[in-house]
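# Structural overview
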Amino acid sequence: MQAFTYLPKLCSHIHFPMQSGSDRILKMMRRPYRNETYLDLCARMKQARPDLSITTDIIVGFPGETEEDYLLTRQAVERVQFDNAFIFRYSPRRGTPAAAMEEQIPEEVKEARNQDLLAVVNEIAIRKNRELVGTVQEVLLEGPSKTNEARLSGRTSQNKPVMVDAAPDLTGELLLIRIEESTGFTLYGVPCPSRG
């Protein structure tokens, strides 16, 4: 965390699994932390690097998860304002302690919670990407776009995908890109004129 304050070569992105916003569920998952500790770490990382993008993993529908437990997770997502989240519905794996727990959650409840949380995460991600339109971002150009070979695909320091109208020989370069459009999860931009 401290390195974020003085090492500019560190990307401004961290994937930091939360799993659940409920201490009761975290304990049942045998996670060694409490939600408030997790939220505090997120706040401290953002303080160390204000442009930090945080993504996470979340499991909904763990055995015994009540509506209140789920709402605590939803509140944590809204509080941290994750740039994206991988949300998984709990599914029992044979031989694991959780598979033998009582109070397995019905599939329709897991799906409803999954869809609700996805909607929250998507709204945050789309808003954050829209806020980047008109800004200049440093982008690592990774190679041709999978959907349009006339464009290069790249990523910002926050690990956000960017499609760039640029020559293929710029693959592997770090370029300043003016973001001109956001289609939700993907940004589109053009190289800034060199000041040479």
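These lines cover the structure that appears in this document, whether it is placed above or below. (Residues numbered from 1 in each chain as written. Predicted model: local features only at pLDDT ≥ 70, side-chain atom pairs only at ≥ 80, totals over all residues. Heavy atoms only, no water.)

### A look at the packing of helix α3 (residues 35-48) against helix α4 (residues 67-80)
- At their nearest, the axes of α3 and α4 sit 11 Å apart, and the two run at 10° to each other. With respect to each other, α3 and α4 are oriented roughly parallel. In this structure, α3 contributes Asn 35, Glu 36, Leu 39, Cys 42 and Lys 46 to the contact, and α4 contributes Ala 76, Arg 79 and Val 80.
- Looking at the contact of α3 with α4 residue by residue, the class counts come to 4 nonpolar, 1 polar and 3 charged. (Axes fitted to C-alpha atoms, helices over the stretch in contact; angles between N-to-C directions. Helix = DSSP H or I, 4+ residues; strand = E, 2+ residues; numbered from the N terminus. Parallel < 35°, antiparallel > 145°, perpendicular 65-115°, else oblique. Contact = heavy atoms within 4.5 Å. Nonpolar A, V, L, I, M, F, W, Y, C, P; charged D, E, K, R; others polar.)

### Description of the pattern of salt bridges
- Counted under the stated rule, the structure contains 16 salt bridges.
- A salt bridge links Glu 111 to Arg 89; the nearest nitrogen and oxygen atoms lie 2.1 Å apart. Of this pair, Glu 111 sits in helix α5 (residues 107-130) while Arg 89 is found in strand β3 (residues 84-89), placing the two residues 22 residues apart along the sequence.
- Residue Arg 89 is classed as partly exposed on the basis of its relative accessible area, which comes to 40%.
- Members of the salt-bridge network, linked through shared partners, are Glu 65, Glu 67 and Arg 113. (Salt bridge = Lys/Arg side-chain N within 4 Å of Asp/Glu carboxyl O. Buried < 20%, exposed > 50% of the residue type's maximum accessible area, 1.4 Å probe, protein only.)

### Looking at the nonpolar core
- Counting 22 residues, the largest nonpolar core has Met 18, Ile 54, Ile 58, Val 77, Phe 82, Ile 87 and Leu 117 as the members making the most contacts within it.
- Those elements that place two or more of their residues in this core are α3, β2 (53-60), α4, β3 and α5.
- No other element matches α3, which puts 5 residues into this core.
- Beyond its immediate chain neighbours, meaning those up to four positions away, Ile 54 contacts Ile 14, Phe 16, Cys 42, Met 45, Lys 46, Val 80, Phe 82, Asp 83 and Asn 84. (Core = buried A, V, L, I, M, F, W, Y, C linked by side-chain atoms within 4.5 Å.)

### Things to note about α5
- In this model, α5 (24 residues) spans 34 Å end to end at C-alpha, consistent with the 34 Å of a helix rising 1.5 Å per residue.
- All buried positions along α5 are accounted for by Lys 110, Arg 113, Asn 114, Leu 117, Val 120, Val 121, Ile 124, Ala 125, Lys 128 and Asn 129.
- Packed against the buried residues of α5 are α3, β2, α4, β3, β7 (174-182) and β8 (187-191). (Expected span 1.5 Å × (residues − 1).)

### As for the sheet that holds strand β1 (residues 13-15)
- What the 3 strands build is an open sheet, ordered β1-β2-β3; its pairing is parallel. Both outer strands of the open sheet, β1 and β3, are each paired with one neighbouring strand and no more. In this sheet, neighbouring strand axes are inclined to one another by 15° on average, regardless of whether the strands run parallel or antiparallel.
- As paired strands, β2 and β3 are joined by 6 bridges and run parallel to one another. Its bridge partner being in β3, Val 60 is matched across the sheet by Arg 89. (Pairing = 2+ DSSP bridges.)

### Points about the side chain of Asp 57
- With respect to the helices, strands and loops of the structure, Asp 57 is situated in strand β2.
- Among the polar contacts listed, one links the side chain of Asp 57 to the side chain of His 15, at a separation of 3.0 Å.
- Not counting chain neighbours up to four residues away, the residues in contact with Asp 57 comprise His 15, Pro 17, Met 18, Gln 19, Phe 86 and Phe 88. (Polar contact = N/O pair within 3.5 Å; in protein donor to acceptor, adjacent residues only side chain to side chain.)

### Regarding the environment of Leu 52
- Within the fold, Leu 52 resides in the loop between α3 and β2.
- With relative accessibility at 4%, the residue Leu 52 sits in the buried group.
- Through-space distance from the C-alpha of Leu 52 to that of Asn 159 is 9.9 Å; in sequence the pair is 107 residues apart.
- Those residues within four positions of Leu 52 in sequence are excluded, and the remaining contacts are Phe 4, Ser 12, His 13, Ile 14, Met 45, Lys 46 and Asp 83.

### Digging into the packing of aromatic side chains
- Enumeration over the complete set of coordinates arrives at 3 aromatic pairs.
- Ring geometry for Phe 16 and Tyr 38: centres 4.5 Å apart, planes at 15°, overall stacked. Linking Phe 16 in the loop between β1 and α2 (23-28) with Tyr 38 in helix α3, this pair joins segments that are 22 residues apart in sequence.
- Relative accessible area serves as the criterion here: at 2%, Tyr 38 is assigned to the buried category.
- Taken together, Phe 16, Tyr 33 and Tyr 38 form an aromatic cluster joined through their ring pairs. (Phe/Tyr/Trp six-rings, centres within 6.5 Å; stacked < 30°, edge-to-face > 60°.)

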